[in-house]
There are 2 protein chains.
Amino acid sequence: MVKDTTTESIILEAARTVFLKKGMAGARMQEIADEAGINKALLHYYYRSKEKLFDRILEEAIGQIADGLNKALEEEQSVTLKLFALVEVYLNVLRDNRYLPLFVLNEMNLNPEKITALIERKIAKHIPGFLKQVREEVEQGLIAPIHPMHLLLNALSLIIFPVAAYPVLSKIGGAGELPVFEAFLDERKPGIKQFITHALRP
Amino acid sequence: MVKDTTTESIILEAARTVFLKKGMAGARMQEIADEAGINKALLHYYYRSKEKLFDRILEEAIGQIADGLNKALEEEQSVTLKLFALVEVYLNVLRDNRYLPLFVLNEMNLNPEKITALIERKIAKHIPGFLKQVREEVEQGLIAPIHPMHLLLNALSLIIFPVAAYPVLSKIGGAGELPVFEAFLDERKPGIKQFITHALRP
DNA sequence: CGTACATTTGACCAAACGGTTAAAATAAAA
DNA sequence: TTTTATTTTAACCGTTTGGTCAAATGTACG
């Protein structure tokens, strides 16, 4: 993280905290101002409206997701190793941003037209290539037959869902079943890799 | 669905629609009244406050999730067949309630103390037994070695996440890659079962 | 120093919100 | 029908919310 102390970035940091946790509808400009330790009018001085400020945070959030996906899929490796990279990259991002998935999914449900453009522009890049590679490795018998899109989807599910659902899971699991968040993520990494590896055995 | 035409259930149906889509913070009492085709004051006549009405819907939602889980895990079957049942039961529920997962996960993040009691009371029932069964089948060599809690978590991830993320996925996938929602779920069912089966091969 | 410019603040505003109330409309009981 | 109880509504209330503005404070520069 870049340690920025300008008013502008202090505001952004506060907006990030509040918006990510409470979403557009649940966030209050006054709360963001308090979190930043400034006057509420100053928020409007730098970012004209709640919506403008929110859009900024939303774009940043989608950017993080897109960067992770692209970083994991761009290097020339086998399908399995690309998915392993995806596990590493995403779980490291989510360790410091556990509200990221729900935040984006929510606003997508609430306001699809706002996100659609961002997603199509930033995320779609390396996906067609990856799907093609899956098809090839299946034909070569390197991995078990599987619908390429479903494979990617399965990997994303295994990575993201447990993070988003952690608060619920920690209750379902019963006393002491689930470790604290960070340790839980460390457990998930090999767990997911093993599950994917096994599922892809020809 | 029970076709109820009393004012009380008309209100509940409207509240369901609005709360599930927009959450507590985003929902407006006036919108619920409009959706129900009644006066706003009537909402308060039957359900005293927004929070009371919301709690009713939330309890109902958690009940659906709990029922699905319990129904799938209670019958005496192998681990694999229990997970297959979970796929069937949940994807059938989610077909008619695509906002259910995000709704519950969100309110859990926002207001843990409200849900915690409900979850512990309704959901935890059959889980310890299932985890024990996984341990036994692993020892007997019927399925590949795996952490029981992670297996359950993986199954839930594969089932729920794609439903919650469908709006995003339909954009990522690019033009024509993903079918419409209902057809997508029909595709997922065998996809998930195959993935789990493969992953559990000893 | 003084002046021009940017930054920050407290006070305020209009709209939206959850909730209340008294009266109207409807149904049930006599 | 008349009376009583229930259901529904329009109008209203106090608070919260996003947003504005003029004044105050700080900063750069001649």
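All residue numbers here refer to positions counted from 1 along the written sequence of the relevant chain. Lettering of chains starts at A and numbering of ligands starts at 1, both following the order in which they are written. In keeping with the model being predicted, local features are shown solely for residues with a pLDDT of at least 70 and side-chain atom pairs are shown and tallied solely at 80 or more, while totals for entire chains, interfaces and linings include all residues. Side-chain figures throughout are based on the complete set of non-hydrogen atoms in the structure, without hydrogens or water.

What follows deals with the layout of surface pockets. All names here are of chain A. Cavities and pockets are found on a 1 Å grid laid over the protein atoms alone: a cavity is a set of points where a 1.4 Å probe fits but cannot escape, a pocket is an open set with protein on both sides within 12 Å along at least five of seven lines, and a lining residue has an atom within 4 Å of such a point. Grid points are joined across faces, edges and corners, and a volume is the space filled by probe spheres set on the points. Of the voids in this model, the largest pocket is the one considered here, and its volume is about 270 Å³. Taken together, 15 residues form the lining of the largest pocket, with Arg16, Thr17, Leu20, Asp96 and Asn97 sitting closest to its centre. Where the lining of the largest pocket is concerned, the elements lending two or more residues are helix H1 (7-26), helix H4 (50-74) and helix H5 (79-96). Each residue is assigned to one class: nonpolar for Ala, Val, Leu, Ile, Met, Phe, Trp, Tyr, Cys and Pro, charged for Asp, Glu, Lys and Arg, and polar for all the others, Gly among them. Its residues placed into classes, the lining of the largest pocket shows 6 nonpolar, 3 polar and 6 charged. Think of it this way: any DSSP run of H or I at least four residues long counts as a helix, any run of E at least two long counts as a strand, and we number them from the N terminus.

Attention now goes to the protein's contact with DNA strand C. Nearness is defined per residue: one heavy atom within 4 Å of the molecule or strand is enough. Neighbouring DNA strand C are 15 residues; Tyr45 and Tyr46 of chain A together with Arg28, Lys40 and Lys50 of chain B lie closest to it. Counting only atoms of DNA strand C within 4 Å of the protein, the sugar-phosphate share comes to 57%. At a separation of 2.8 Å, a phosphate oxygen of DNA strand C approaches a polar side-chain atom of Tyr46 of chain A. Each polar contact in these results corresponds to two N or O atoms within 3.5 Å; when the atoms are within protein, one needs to be able to donate a hydrogen and the other to accept it, and residues that are neighboring in sequence are counted only if both atoms are side-chain atoms. A distance of 2.8 Å separates a phosphate oxygen of DNA strand C from a polar atom in the side chain of Arg28 of chain B. Those elements giving two or more residues to the surface near DNA strand C turn out to be helix H3 (40-46) of chain A together with helix H3 (40-46) of chain B.

A few words now on the side chain of Thr116 of chain B. By the secondary structure assignment, Thr116 of chain B is in helix H7 (residues 112-122). A residue is classified by how much of its surface remains accessible, and Thr116 of chain B, at 15% relative accessible area, is buried. The contacts of Thr116 of chain B, once residues within four sequence positions are left out, are Lys171 of chain A together with Met108 of chain B. Think of it in three bands: residues with accessible area under 20% of the maximum for their type are buried, residues over 50% are exposed, and the middle band is partly exposed, with areas taken using a 1.4 Å probe on protein chains only. By the convention used here, residues are in contact when the closest approach between their heavy atoms is within 4.5 Å.

Moving on to the domain arrangement of chain A. All names here are of chain A. Start and end points for every domain follow an automatic or database-based domain assignment. As assigned here, chain A comprises domain 1 (1-48) and domain 2 (58-200). Put simply, the middle of domain 1 and the middle of domain 2, counted by C-alpha atoms, are 29 Å apart. Contacts between the two partners involve 6 residues from domain 1 and, on the opposite side, 5 residues from domain 2. Reported buried area values correspond to the accessible surface (1.4 Å probe) lost by two parts on association, with both partners' losses combined. Roughly 600 Å² of surface becomes buried between domain 1 and domain 2 when both sides are summed, with 65% attributable to carbon and sulfur atoms. For the domain 1 face of the interface with domain 2, the top three residues by lost area are Arg16, Leu20 and Lys21, together amounting to 65%. The salt bridge definition used is simple: a Lys or Arg side-chain nitrogen within 4 Å of an Asp or Glu carboxyl oxygen. Run the count over domain 1 and domain 2 and you get 1 salt bridge. Where Glu60 meets Arg16, a salt bridge forms, and the shortest distance between an N and an O atom there is 2.4 Å.

Quick look at empty space enclosed by the protein now. Counting across every chain of the model gives 7 cavities of 30 Å³ or more. Lining of the largest cavity is provided by 30 residues; of these, Lys22, Gly23 and Asn106 of chain A together with Lys22 and Asn106 of chain B occupy positions nearest its centre. Sorting the residues of the lining of the largest cavity by element identifies H1 and helix H6 (100-110) of chain A together with helix H1 (7-26) and helix H6 (100-110) of chain B as the ones contributing at least two each. Estimates place the volume of the second largest cavity at around 270 Å³. What lines the second largest cavity is a set of 20 residues, and nearest its centre among them are Ile65, Tyr90 and Ile160 of chain A together with Phe161 and Val168 of chain B. For the lining of the second largest cavity, the secondary structure elements donating two or more residues are H4, H5, H6 and helix H9 (148-164) of chain A together with helix H10 (166-172) of chain B.

Below, the discussion takes up the relation of the copies chain A and chain B. For the pair chain A and chain B, the superposition axis carries a translation of 0.0 Å, the fit reaches an RMSD of 0.1 Å, and the rotation angle comes to 180°. Expressed as a symmetry operation, the mapping of one chain copy onto the other fits a two-fold axis. Closest to the rotation axis within chain A is the C-alpha of Ala199 of chain A, separated from it by 1.9 Å. Both copies present the same face, since 100% of the interface residues in chain A are matched by interface residues at the equivalent positions in chain B. C-alpha atoms of residues with pLDDT of at least 70 in both copies form the basis for the least-squares superposition of the copies.

Turning our eyes to something else, we now look at the protein's contact with DNA strand D. Around DNA strand D, the surrounding shell holds 15 residues, and the nearest of these are Arg28, Lys40 and Lys50 of chain A together with Tyr45 and Tyr46 of chain B. Of all atoms in DNA strand D that approach within 4 Å of the protein, 59% are sugar or phosphate atoms. One of the side-chain nitrogen or oxygen atoms of Lys40 of chain A is found 2.5 Å away from a base oxygen of DNA strand D. One of the backbone nitrogen or oxygen atoms of Asn39 of chain B is found 3.0 Å away from a phosphate oxygen of DNA strand D. Sorting the residues of the surface near DNA strand D by element identifies H3 of chain A together with H3 of chain B as the ones contributing at least two each. With 4 residues, the top contributor of residues to the surface near DNA strand D is H3 of chain B. Class assignment of the residues belonging to the surface near DNA strand D gives a composition of 8 nonpolar, 4 polar and 3 charged.

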